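Given next are the chains, with one letter for each unit.
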Amino acid sequence: MKIIALSCTQRRLPSLTDALLEAAITGVVREVGDAEIQRIRLIDHRIEMCEGEDTCLDPEVGRCTLDDDFAHVVDLAEGAQAMLLAMPVYAGNVPAVLKIFQERLKSFMNARQRPFGNLLVGTIVHSRTMLTEPALASLFPWYLRLRNRNVASACFSQNDHQDLTRTAALDLCVAVGRQLGMTLDVSRSPAVDRTALPVLQSPDRPRCGDPAVSSPSA
């Protein structure tokens, strides 16, 4: 089973993003014995900005005409069934290298099979201080457009920690990978040896405007 490991950092190796991504890979491999991991570091490929001419949407053209590594990266994802995506937050949103790649994928908007689409996804977002959750939320319209389904996410803020890899962040990334792997496993064959957790319903609570209910005397 092919799984994309997409690193969206703009730093060269070694990087915190890649360390967190490797932890998630450990988790997914633990659950999917035949996992084939295709690592892709966007910063290692020459991917030019979309020029906005939309010639790629012309049926007679049918592809992006820019000459760079974009087509090669698309080919690397061929046949994948899932994706682990890890990204840093630099300015409250997705990093530029990922935004450029997202816009270039627009060239497949009219295609029946969309690269990096129809995947189960696990997502990891980290930042120095905050804004990880808004950055995570900004990914969901892209996921929906590609018909991807995010099954697990983890957000981390470094704050006063000098090294996130020496915190519980790595354990949570492993958990993201394991959750993705379990979901893939169930999608292939329903698991019969896992105990389903009970659904707990909280008791009904009075709503605004309901008649007041007197408390029982002590």
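As shown above, the structure is provided for reference.
Residues numbered from 1 in each chain as written. Predicted model: local features only at pLDDT ≥ 70, side-chain atom pairs only at ≥ 80, totals over all residues. Heavy atoms only, no water.

### Considering the overall build of the chain
And then number 1: Within the chain, the secondary structure is distributed over five helices and five strands.
And then number 2: Ordered by position from N to C terminus, the α and β elements of the chain give β-α-β-α-β-α-β-α-β-α.
And then number 3: With an accessible surface of roughly 13,100 Å², the chain has 52% of that area assigned to carbon and sulfur atoms. (Helix = DSSP H or I, 4+ residues; strand = E, 2+ residues; numbered from the N terminus. Areas by Shrake-Rupley, 256 points an atom, 1.4 Å probe, with all protein chains shown as cover.)

### Points about the side chain of Arg41
And then number 1: Tracing the chain through its elements places Arg41 in strand S2 (residues 36–41).
And then number 2: A relative accessible area of 11% means that Arg41 is categorised as buried.
And then number 3: Polar side-chain contacts of Arg41 include one of 2.7 Å to the backbone oxygen of Arg11.
And then number 4: Aside from chain neighbours lying at most four places away, what touches Arg41 is Ser7, Thr9, Arg11, Arg12, Leu13, Ser15 and Asp18. (Buried < 20%, exposed > 50% of the residue type's maximum accessible area, 1.4 Å probe, protein only. Polar contact = N/O pair within 3.5 Å; in protein donor to acceptor, adjacent residues only side chain to side chain. Contact = heavy atoms within 4.5 Å.)

### As for the pairing of strand S4 (residues 120–127)
And then number 1: Counting buried residues in S4 gives eight out of eight residues, a clear majority hidden from the surface.
And then number 2: Burial along S4 is two-sided: Leu120, Gly122, Ile124 and His126 and Val121, Thr123, Val125 and Ser127, pointing in opposite directions, are all buried.
And then number 3: Where strand S3 (residues 82–88) and S4 come together, seven bridges link them in parallel fashion. Paired with Ala82 across the strands is Leu120, a residue of S4.
And then number 4: In this sheet, strand S5 (residues 149–157) lies alongside S4 in parallel orientation, the contact comprising eight bridges. (Pairing = 2+ DSSP bridges.)

### A closer look at the pattern of salt bridges
And then number 1: Throughout the structure, instances matching the rule amount to nine salt bridges.
And then number 2: Here Glu48 ties to Arg46 by a salt bridge, and the two come within 3.2 Å at their closest N and O atoms.
And then number 3: The exposure class assigned to Arg46 is partly exposed, which follows from its relative accessible area of 44%.
And then number 4: In this structure, Asp68 and Arg104 form a salt bridge, with 2.6 Å as the shortest nitrogen-oxygen distance. With Asp68 in the loop between S2 and helix H2 (70–76) and Arg104 in helix H3 (residues 96–104), this pair connects stretches of sequence that are 36 residues apart.
And then number 5: The exposure class assigned to Asp68 is buried, which follows from its relative accessible area of 12%.
And then number 6: Taking relative accessible area as the criterion, Arg104 reaches 2% and is therefore assigned buried. (Salt bridge = Lys/Arg side-chain N within 4 Å of Asp/Glu carboxyl O.)

### Here's the deal with the state of the cysteines
And then number 1: A full pass over the atoms with the stated rule returns zero disulfides.
And then number 2: We note that Cys56 lacks a disulfide partner, and the nearest cysteine sulfur, in Cys64, lies 5.9 Å from it. (Disulfide = S-S within 2.5 Å.)

### Details of the sheet that holds S2
And then number 1: In space, the five strands of this open sheet follow the order S2-S1-S3-S4-S5, with parallel pairing throughout. Edge positions in the open sheet fall to S2 and S5, since each of these has one partner strand only. Sheet twist, expressed as the mean angle between neighbouring strand axes with direction ignored, is 15 degrees.
And then number 2: Note that strand S1 (residues 2–7) and S2 share six bridges and pair parallel. The residue of S2 that forms the bridge with Ser7 is Arg41.
And then number 3: Together, S3, S4 and S5 form the strand contacts of helix H4 (residues 132–145), whose direction differs from that of S4 by roughly 150 degrees. (Axes fitted to C-alpha atoms, helices over the stretch in contact; angles between N-to-C directions.)

### Structural notes on H4
And then number 1: For H4, every residue scored as buried is listed here: Thr132, Ala135, Leu136, Leu139, Trp142 and Tyr143. End-on, the buried residues of H4 take up no more than an arc of 105 degrees, which puts them together on one face.
And then number 2: Buried residues in H4 make contact with S3, H3, S4 and S5.
And then number 3: Backbone geometry just downstream of H4 places Arg147 in the positive-phi region, at approximately 60 degrees. (Arc of directions from axis to C-beta.)

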